[in-house]
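# Analysis of the macromolecular model
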Amino acid sequence: MQALHSPGFLARLTETWFHRPSTPTRVVMDLTRRCNLRCEMCNTWRIEPAHELDPGEIRRVLGRLPRLTWLDLTGGEPFLRADIAEVFDAVLDAAPALRVLHFPTNGWFGERTVEVARQVRRRRPEVALIITVSVDGPRDVHDRLRGRAGSFDRALATYRALEAIEGVETYIGTTVTASSEATLPALGQALRDELPGFSPSSWHWNWLQISPHFFANGHLDALPRGDGLVWAHLERRGLPRNLVDLMELVFLLNLEFYRRGEPSGIVCQALRSTLFLSPEGDVYPCHVYDRPLGNVLQTDIQTLWRSDEVKAARRDIERLACGGCFTPCEAYPALAGAPLSTVAQTARRSLALLDERLKVALGAREKVG
């Protein structure tokens, strides 16, 4: 992941320590609401399809963001798009400063996904390509949660194929829900069985989030409890070996306390360095905050970024009028963009967790004695 240590990327990453950039440095772009699966925790597939930004429109919009260094392409399932190769070409053409490109996939369209990954590596080898393949439980649990038989096996086949491509960082991504949390230990074993040499450091967790405009899952009310799960995953992962591992460690440490009901305490970067773009071209602060701020097909994205409406939304985010969240899509840029609060909160919470584990260990020893 040499690209993550390049001077250009680090300069953009640290820019918001001092001021709000003139254009976003990171964008999450939803390429389609369509999906071939019927996931229990996401209803994006129920939203009536509308216009999706085509490759030419994507090229024009991203071409107006000269400081863009970090791009997440998501869905729905991005690889349902017949023009997905042209979409990635448009992205690579329009974003010369790009240094990190990430996308998730459910793995159903393996050949198409592998072809695009090779296309990115061939055209822009200096860009760190990070791909997350979604797996939410052991085979029977995953297929039930995802609503389609065979989705577990297809996901792992795609993971294996992607992992074999030089220069591609491939992860298993699991959304922790009330339905899946009890099966996570079994999933860990299944991943070890199905993927020889699989490392827990390649297993990424996301806590279930509610988002009317992205997941269309506002009807859900059963959130995961997660007692002991995050600590077990921290122990499983061990010490960080690189920058991505370190970011995940810090994320998980703070997630444990967010899960318990604490505000994250780390300044969100939504509308300071980042924004969310819907398939139709609507700008939102992020993928959770349901507050449309304009459409890039009607108003230039730079004009929107500098508008009073966007600045007012940013002020509301700073005072947590958005409700606050700690999902990876927003947590990672927050951790990187707010170092003082990140270090302070992480240090305090690390000490608290270690104190808790020490008391548990002493209690167990006293019982044995």
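Right, let's walk through the structure included here. None of the values given here were measured: they were computed from a predicted structure.

Before going further, it helps to examine the overall build of the chain. Of the regular secondary structure elements, the chain holds 13 helices and 8 strands. Against the 2.2 N^0.38 benchmark of 21 Å for 369 residues, the chain shows a C-alpha radius of gyration of 20 Å, consistent with a compact globule. Projected onto its principal axes, the C-alpha coordinates of the chain cover approximately 70 × 45 × 40 Å. Of all 369 residues assigned to the chain, the portion counted as buried reaches 55%. Considering only contacts in the chain between residues 6 or more positions apart, those separated by 24 or more positions represent 77%. Surface exposure of the chain reaches about 15,900 Å², of which carbon and sulfur atoms provide 55%. Within the chain, one finds 45 positive and 45 negative side-chain charges whose respective centroids are separated by 3 Å.

Moving on, we come to the environment of Val28. Residue position: Val28 is located in strand S1 (residues 26-30). Taking the relative accessible area as the measure of exposure, Val28 reaches 4% and is therefore buried. Linking Val28 and Thr74, residues 46 residues apart in sequence, is a C-alpha distance of 7.3 Å. The residues contacting Val28, other than those within four sequence positions of it, are Asp72, Thr74, Leu275, Phe276 and Leu277.

Relative to the helices and strands, Asp93 resides in helix H3 (residues 84-94). Distance from Asp93 to Val120, taken between C-alpha atoms, is 11 Å for residues 27 residues apart in sequence. Beyond its immediate stretch of four places on either side in the chain, Asp93 contacts Arg59 and Arg123. Polar side-chain contacts of Asp93 include one of 2.6 Å to the side chain of Arg123.

What follows is about unusual backbone geometry. Unlike most non-glycine residues, Leu271 shows phi in positive territory, near 65 degrees. Positionally, Leu271 belongs in the loop between helix H9 (243-259) and strand S7 (274-277). In this structure, Leu320 takes a positive phi of about 65 degrees despite not being glycine. Given a relative accessible area of 48%, Leu320 falls into the partly exposed group.

Right, let's get into the pairing of strand S4 (residues 128-134). The buried count for S4 comes to 7 of 7 residues, which makes it a mostly enclosed element. Burial along S4 is two-sided: the residues Ala128, Ile130, Thr132 and Ser134 and Leu129, Ile131 and Val133 are all buried. Sheet topology places strand S3 (residues 100-105) next to S4; 6 bridges connect them, and they run parallel. Residue pairing in the sheet places Leu101 in a bridge with Leu129 of S4. You can see the chain leave S3, run along helix H4 (residues 110-123) and come back into S4, and the turn it takes is right-handed.

Let us look at the packing of helix H8 (residues 229-237) against H9. Where H8 meets H9, the axes come as close as 9 Å, and the angle between the chain directions of the two elements is 160 degrees. One element, H8, and the other, H9, form an angle in the roughly antiparallel class. Taken as a pair, H8 and H9 cross one another with a handedness that is left-handed. Between H8 and H9, the residues in contact are Val230, His233, Leu234 and Arg237 and Asp245, Glu248, Leu249, Leu252, Leu253, Leu255 and Glu256, respectively. Class assignment of the residues belonging to the contact of H8 with H9 gives a composition of 6 nonpolar, 1 polar and 4 charged.

Another aspect to go through is the sheet that holds strand S5 (residues 168-176). What holds strands together in a sheet is hydrogen bonding between their backbones, with the strands either parallel or antiparallel. As summarised here, the arrangement of the 8 strands in space is S6-S5-S4-S3-S2-S1-S7-S8, forming an open sheet in which the pairing is mixed. Each edge of the open sheet carries a strand with a single partner, namely strand S6 (203-207) and strand S8 (283-284). As paired elements, strand S2 (residues 70-74) and S3 share 3 bridges and run parallel to each other. Bridge assignment links Asp72 to a residue of S3, and that residue is His102. Sheet strands touched by helix H6 (residues 151-163): S4 and S5. Its angle to S5, the strand with the most contacts, is close to 155 degrees.

Turning to the pattern of salt bridges, a few remarks are in order. Within this structure, the stated rule accounts for 28 salt bridges. For Asp89, the salt bridge goes to Arg123, with nearest N and O atoms at 2.8 Å. In this pair, Asp89 is assigned in helix H3 and Arg123 in helix H4, connecting sequence segments 34 residues apart. Take Asp89: its relative accessible area is 26%, and that puts it in the partly exposed class. Looking at Arg123, the relative accessible area reads 36%, which means it is partly exposed. The salt bridge partner of Arg260 is Glu256, with a shortest N-O separation of 2.9 Å. Judged by relative accessible area, Glu256 falls into the buried class, the value being 5%. Sharing partners across several salt bridges, the network here consists of Arg225, Asp227, Glu256, Arg259, Arg260 and Glu356.

Parameters at a glance
Residues numbered from 1 in each chain as written. Predicted model: local features only at pLDDT ≥ 70, side-chain atom pairs only at ≥ 80, totals over all residues. Heavy atoms only, no water. Helix = DSSP H or I, 4+ residues; strand = E, 2+ residues; numbered from the N terminus. Rg over C-alpha atoms; globule rule 2.2 N^0.38 Å. Buried < 20%, exposed > 50% of the residue type's maximum accessible area, 1.4 Å probe, protein only. Contact = heavy atoms within 4.5 Å. Areas by Shrake-Rupley, 256 points an atom, 1.4 Å probe, with all protein chains shown as cover. Lys, Arg positive; Asp, Glu negative; His and termini not counted. Charge placed at Lys NZ, Arg CZ, Asp CG, Glu CD. Polar contact = N/O pair within 3.5 Å; in protein donor to acceptor, adjacent residues only side chain to side chain. Pairing = 2+ DSSP bridges. Right-handed = clockwise from strand over helix to strand, strands pointing away. Axes fitted to C-alpha atoms, helices over the stretch in contact; angles between N-to-C directions. Parallel < 35°, antiparallel > 145°, perpendicular 65-115°, else oblique. Left-handed = near helix turned anticlockwise from the far one by under 90°. Nonpolar A, V, L, I, M, F, W, Y, C, P; charged D, E, K, R; others polar. Salt bridge = Lys/Arg side-chain N within 4 Å of Asp/Glu carboxyl O.

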